[in-house]
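Close look at the chain arrangement
Take a look at the letters that make up each chain.
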Amino acid sequence: MEIRDRYAPSPTGLQHIGGVRTALFNYLFARSQGGAFILRLEDTDRTRSDAAFVQNLYDTFTWLGFRWDEGPDRGGPVGPYIQSERFALYRAYAQALIEKGAAYYCFCSAARLDALRAEQSLAHAKETGYDRHCRTLSPAEATARIAAGEAPVIRLKIPLKETTRFVDRLLGTIEWKNDALTPDPVLLKSDGFPTYHLANVVDDHLMGISHVLRAQEWLPSTPLHLILYQCFGWDPPVFCHLPMVLGLDGKKLSKRHGATSIDEFRSQGYLPEALINYVALLGASYEEGKDLYTLDELCSRFSLDKLNKAPAIFDYKKLTWYNDQYIRMKTDGDLAVLALPYGVKAGLFGEPGTEPDPGQRAAFTAAMALIKERVSFLHEIPEKIRYLFTEPPVPSASEFIPKKLDISKTIALLGMGRDLIEPLAVLGDAEAEAFIKERAKQEGVKLGDLMMPLRVALTGTRVSPPLFGTIRILGATRSGERVNRALAALRGV
Ligand code: GLU
Ligand code: ZN
């Protein structure tokens, strides 16, 4: 069997973690099976669908870096891939169901349905929803009313005595008594627009979808879809309802828990690799003890057998850990490209918004090696390295003075340090360390006591990125100037 699956979002909101998880699992499943992954836009809700959300969808997946094989933007053999361009099809299929006696016209007005709903809620009725009022209208009567100008909807005539049973690939056998299902849902609205159920089933069939991997919130729709497949005489796809995604408190993941839209994660400095890796683990387990997977590794390892039934818990801390890891794995050059916009915005190179000159750009790239292990997010980078671009204020004397020493010893140590700058500026880390250790020994001072005042003079604080790298980036001249400035300040005390 040809494996074909799809991501079928409705462009009525920003792309969020749940949607991206569904898309990713479909992508991984298709890839793992040598199948095709399709994007279909389910924009049947014309009032809530918005071109801006379609754009957000494209932007999100461009950023994430995985793509569908067929879709509205790249075409394919079974297009169009946008439901609003397929309305004539749905009308024809709804009509076919009417002709088979599997669907019927309903002429109930909105006012009648509202009154019905009010009545049911007042009576705390067990049976809610449509009362199947028009189910028994004769075709002749319906034809006459249409000819007279009434605009009916088309409803599915659910066979009431039967039970709909299917085997969910993850959840096992699921059974619904047909008379307990949403009563005769609308398939085609009076304006000729299809509802989700009709369009979704017709398209999955016409697009040759073999597997439907979708969020568990769609589970109640599945029996209706199976009834539709049966009415049309089509084989249904395999259904697999993915485990839910919950927050740490066990409630459905929502804004209360933190970022949920990919835009937010993106602007908070998460890397796409981290998001993909973490999202791939939301409800699936791959190898014991292995946390980090590239997209290619996920493609080859994914299998429906590795899905968990239990809900997945979205842990922002764990995601942050992934971000740490992927930041560290970047080359200095790649990380600099990603972090540069944050530096520009933070005013690292002048007024906020100022682009770096070539020297600043080189320093910025070199600085990545110093802070890679010290940040979790891209936006943390500028403040950690601002001292490389702007002269840091000289801190108070007490900051410079090592434990158990006094100001005059500190001045002597800093003077010693100044003499080391020139050689240190051209040595690699290992040589620099050996060199300064040797000097401390010769001078009879503690290594820490020699390094600390120098660090404070160069960076403005005791806790900073590595000293040797800092000296190399600042260069001997600028480093020497900073030490002189600090010495002058200390002598003035
Ligand atoms: N349009 C539905 C959505 O927004 C598709 C659900 C499905 O996959 O069948 O998620
Ligand atoms: Zn009716």
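Shown above is the structure to which this text applies.
Below you will find a few notes about this structure. (Residues numbered from 1 in each chain as written. Chains lettered and ligands numbered in written order. Predicted model: local features only at pLDDT ≥ 70, side-chain atom pairs only at ≥ 80, totals over all residues. Heavy atoms only, no water.)

Next up on the list: the site of ligand 1. All residues in the neighbourhood of ligand 1 are listed as Arg-6, Ala-8, Ser-10, Glu-42, Tyr-196, Asn-200, Arg-214 and Trp-218. One of the side-chain N or O atoms of Arg-6 is found 2.6 Å from an oxygen atom in ligand 1. Between an oxygen atom of ligand 1 and a side-chain N or O atom of Tyr-196, the distance comes to 2.9 Å. Here ligand 1 occupies the largest pocket. In the shell around ligand 1, the residues fall into three nonpolar, two polar and three charged. (Near = heavy atom within 4 Å. Polar contact = N/O pair within 3.5 Å; in protein donor to acceptor, adjacent residues only side chain to side chain. 1 Å grid on protein atoms, 1.4 Å probe; cavity = no way out; pocket = protein on both sides within 12 Å on 5 of 7 lines; lining within 4 Å. Sits in = over half its atoms within 2 Å of the grid points. Nonpolar A, V, L, I, M, F, W, Y, C, P; charged D, E, K, R; others polar.)

Counted under the stated rule, the structure contains 32 salt bridges. Arg-6 is the partner of Asp-204 in a salt bridge, and the nearest nitrogen-oxygen pair spans 2.9 Å. Of this pair, Asp-204 sits in helix H6 (residues 196-206) while Arg-6 sits in strand E1 (residues 4-7); the two residues are 198 residues apart in sequence, bridging distant segments of the chain. Overall, the relative accessible area of 1% leaves Asp-204 in the buried class. Of the residues examined, Arg-6 reaches a relative accessible area of 4% and is grouped as buried. With a closest N to O distance of 3.0 Å, Arg-482 and Glu-391 form a salt bridge. Residue Arg-482 is located in helix H19 (residues 467-491), and its partner Glu-391 is located in the loop between helix H14 (381-385) and helix H15 (397-400); the two are separated by 91 residues in the primary sequence. The exposure class of Arg-482 is buried, given its relative accessible area of 1%. (Salt bridge = Lys/Arg side-chain N within 4 Å of Asp/Glu carboxyl O. Helix = DSSP H or I, 4+ residues; strand = E, 2+ residues; numbered from the N terminus. Buried < 20%, exposed > 50% of the residue type's maximum accessible area, 1.4 Å probe, protein only.)

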